Amino acid sequence: MSRTESHSPRADGSSTEDRRRIIRIDRTDPIQRMRWRCPNNHTTWEPTNSHAYCASCARHVGLDPEHYELLDARTGERVSWARIELE
Ligand SMILES: [Zn+2]
């Protein structure tokens, strides 16, 4: 699988297809759990009402535990929560 999207998702409208691509995450798979992280590089997020809540961020003073995007540790890309489907 190649999911290399190095360009900005909001560039000029030409990347509409990329923006709409849904990414399915199987959270029972430890490899995928390690891959998909909160933007602060934690694997301890949980899905909550239409976004992710990160327990590690919550323990850090000054970090916002509510996230609307996840970090793909493999590509370094940030993916909007709207594109993510959990299995
Ligand atoms: Zn976090």
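Right, let's walk through the structure included here.

The next thing to look at is the sheet that holds strand E4 (residues 51-54). Pairing in this open sheet of three strands is antiparallel, and the strands run E3-E4-E5 from one edge to the other. Strand pairing shows two members of the sheet lacking a second neighbour, strand E3 (45-48) and strand E5 (66-67), which therefore form its edges.

Let us now look at the pairing of E3. Two elements, E3 and E4, share four bridges in a ladder whose sense is antiparallel. Within E4, the position partnered with Thr48 by the bridge is His51. Counting the residues in the hairpin turn of E3 and E4 gives two residues, including Ser50, whose phi is positive at 55°.

Before going further, it helps to spend a moment on the environment of Ile84. Assignment of secondary structure puts Ile84 in strand E8 (residues 84-86). A residue is classified by how many C-beta atoms lie within 10 Å of it, and Ile84, with 17 of them, is partly exposed. Sequence-distant contacts of Ile84, that is, excluding residues within four places in its chain, are made with Ile23, Ile25, Leu70 and Val79.

Attention now goes to unusual backbone geometry. With phi around 75°, Asn41 is a residue other than glycine that occupies positive phi space. For Asn41, the location among the structural elements is in the loop between strand E2 (36-37) and E3. Residue class for Asn41 comes out exposed when judged on the 11 C-beta atoms lying within 10 Å of it. Positive phi, normally seen in glycine, also occurs at Ser50, with a value near 55°.

What follows covers the pairing of strand E7 (residues 77-80). Along any regular strand, the residues point their side chains to alternate faces of the sheet. In this sheet, E7 lies alongside strand E6 (residues 69-72) in antiparallel orientation, the contact comprising four bridges. Bridging across to E7, Asp72 finds its partner in Glu77. Count of turn residues in the E6/E7 antiparallel hairpin: four residues, of which Gly76 carries a positive phi of about 80°.

The next point concerns the nonpolar core. The nonpolar side chains of a soluble globular protein tend to be buried, and buried together. Formed by Trp36, Cys38, Trp45, Ala52, Cys54, Cys57, Leu70 and Leu71, the largest nonpolar core amounts to eight residues. Of all the elements in the fold, those that place two or more residues in this core are E4 and E6. Beyond its immediate stretch of four places on either side in the chain, Leu70 contacts Trp36, Arg37, Cys38, Ala52, Val79, Trp81 and Ile84.

What follows deals with the sheet that holds E7. Here three strands make up an open sheet; going across it, the order is E2-E6-E7 and the pairing antiparallel. Looking at which strands have only one partner, the edges of the open sheet turn out to be E2 and E7. Bridge count between E2 and E6: two bridges; the pairing is antiparallel. Along E6, the bridge assignment pairs Arg37 with Leu71.

Parameters at a glance
- Residues numbered from 1 in each chain as written.
- Predicted model: local features only at pLDDT ≥ 70, side-chain atom pairs only at ≥ 80, totals over all residues.
- Pairing = 2+ DSSP bridges.
- Helix = DSSP H or I, 4+ residues; strand = E, 2+ residues; numbered from the N terminus.
- Buried ≥ 20, exposed ≤ 12 C-beta atoms within 10 Å, placed from the backbone.
- Contact = placed C-beta atoms within 7 Å.
- Core = buried A, V, L, I, M, F, W, Y, C linked by C-beta atoms within 7 Å.

By themselves, these observations are geometric and do not establish any function.
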